[in-house]
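Each chain, written out:
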Amino acid sequence: GGMVISNFTLSNDIIFKAFIISNKTVRYKSRLLYLITGIDEEIFKKAIYTSEEMKVNNKSDKVYKTDIIVNVDNYLISIEMNNNYYNGLIEKNFGYVTKLISEQLNRGESYISSKKVISINFDNFSRYRKDKIVYEFKMLEKDFKEVEHNLLVSYHIDLNNVKKIWYNQVEVSDELTRMLTLFITEDIDDLRGDEIMDEAIEELEFLIKHKDIIGLYDAKKEEEKVFRTRLLDAEEKGLNRGMKRGMKRGIAQGIAQGIAQGMEKGMEKGMEKGKKLGILETIKNMIKQNTEDDYIISVTGIKQEELNQIKKELK
């Protein structure tokens, strides 16, 4: 029963971000974070939620993507929505939170006063083999499980296991599991029943209805941006290569006229080649991220059979 909305649940990137930042979901978030971390939910009601990107200090100016940072009391909480598992995902998130920690330590008056960093990952897949909903990781001694430090605690929430419970229609008495069903089902009306959930469902329904105007980070736009940047980079490289080649050829052809012709031809060839390399690179990256074929084709103009060929070579 209830309202079925295709493919839009709380785990959708755009909606997740808007939902977590919204002032209307304070009670739901505070309760959820309390149930995951055990930190008093009253503290979370005063929290500041920001969506940010963190610049990395090295030359290749990559931007670390993070979803949400919650700043409250002496905690910094990084919240990530992971829809697809890929090799390197855990390491990427770990890189991000360790950066948060080191910034804390650099800024802190003393090591003791720095904020504790907590990483919460909502995983739309099962990464670990148990049937748990919440996995908690920290630095422990191997045999007697003594904690080395509390600078970083990391949680993985297995939404896949929540899905199994929900679809087998097991009666859920556990409050956290019940709250997490918002992430996995489109029949959100069926989840009404207490104030906190009702409030969250109202906001979620509103966001789903207005998803096109939320104007937040949209994965597809981001992909296109990356694609365009790569294309420009390839063109520039092609242009430089082309000019070099063109000038060499040009000089031999009788200086004035030769340089003009050579540069033109060289630039054309160089740009053509550079562009192709850039597009190929991008297509490979998109395939690795499990992007749908239709989308790759619409952005890059490649033909289906060429795409299949590239996929074959990547295997």
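One structure accompanies this document, and this report is about it. (Residues numbered from 1 in each chain as written. Predicted model: local features only at pLDDT ≥ 70, side-chain atom pairs only at ≥ 80, totals over all residues. Heavy atoms only, no water.)

Relative to the assigned elements, Leu35 resides in helix α2 (residues 26-37). Judged by its relative accessible area of 27%, Leu35 falls in the partly exposed class. Each C-alpha atom of the pair Leu35 and Leu176 lies 6.2 Å from the other, and the pair is 141 residues apart in sequence. Dropping the residues within four chain positions of it, Leu35 is found in contact with Glu175, Leu176 and Met179. (Helix = DSSP H or I, 4+ residues; strand = E, 2+ residues; numbered from the N terminus. Buried < 20%, exposed > 50% of the residue type's maximum accessible area, 1.4 Å probe, protein only. Contact = heavy atoms within 4.5 Å.)

Next up on the list: the pattern of salt bridges. Taken as a whole, this structure holds twelve salt bridges when the rule is applied. One salt bridge in this structure joins Asp143 and Lys142, with 3.7 Å as the shortest N-O distance. On the basis of relative accessible area, Asp143 is assigned to the exposed category, the value being 60%. Relative accessible area serves as the criterion here: at 64%, Lys142 is assigned to the exposed category. Across the salt bridge formed by Glu202 and Arg192, the nearest N and O atoms sit 3.0 Å from each other. In this pair, Glu202 is assigned in helix α7 (residues 195-209) and Arg192 in the loop between α6 (175-180) and α7, connecting sequence segments ten residues apart. The partly exposed category is assigned to Glu202, whose relative accessible area is 46%. Residue Arg192 is classed as partly exposed on the basis of its relative accessible area, which comes to 32%. By sharing partners, the salt bridges in this structure join Asp189, Arg192, Glu202 and Glu205 into a single network. (Salt bridge = Lys/Arg side-chain N within 4 Å of Asp/Glu carboxyl O.)

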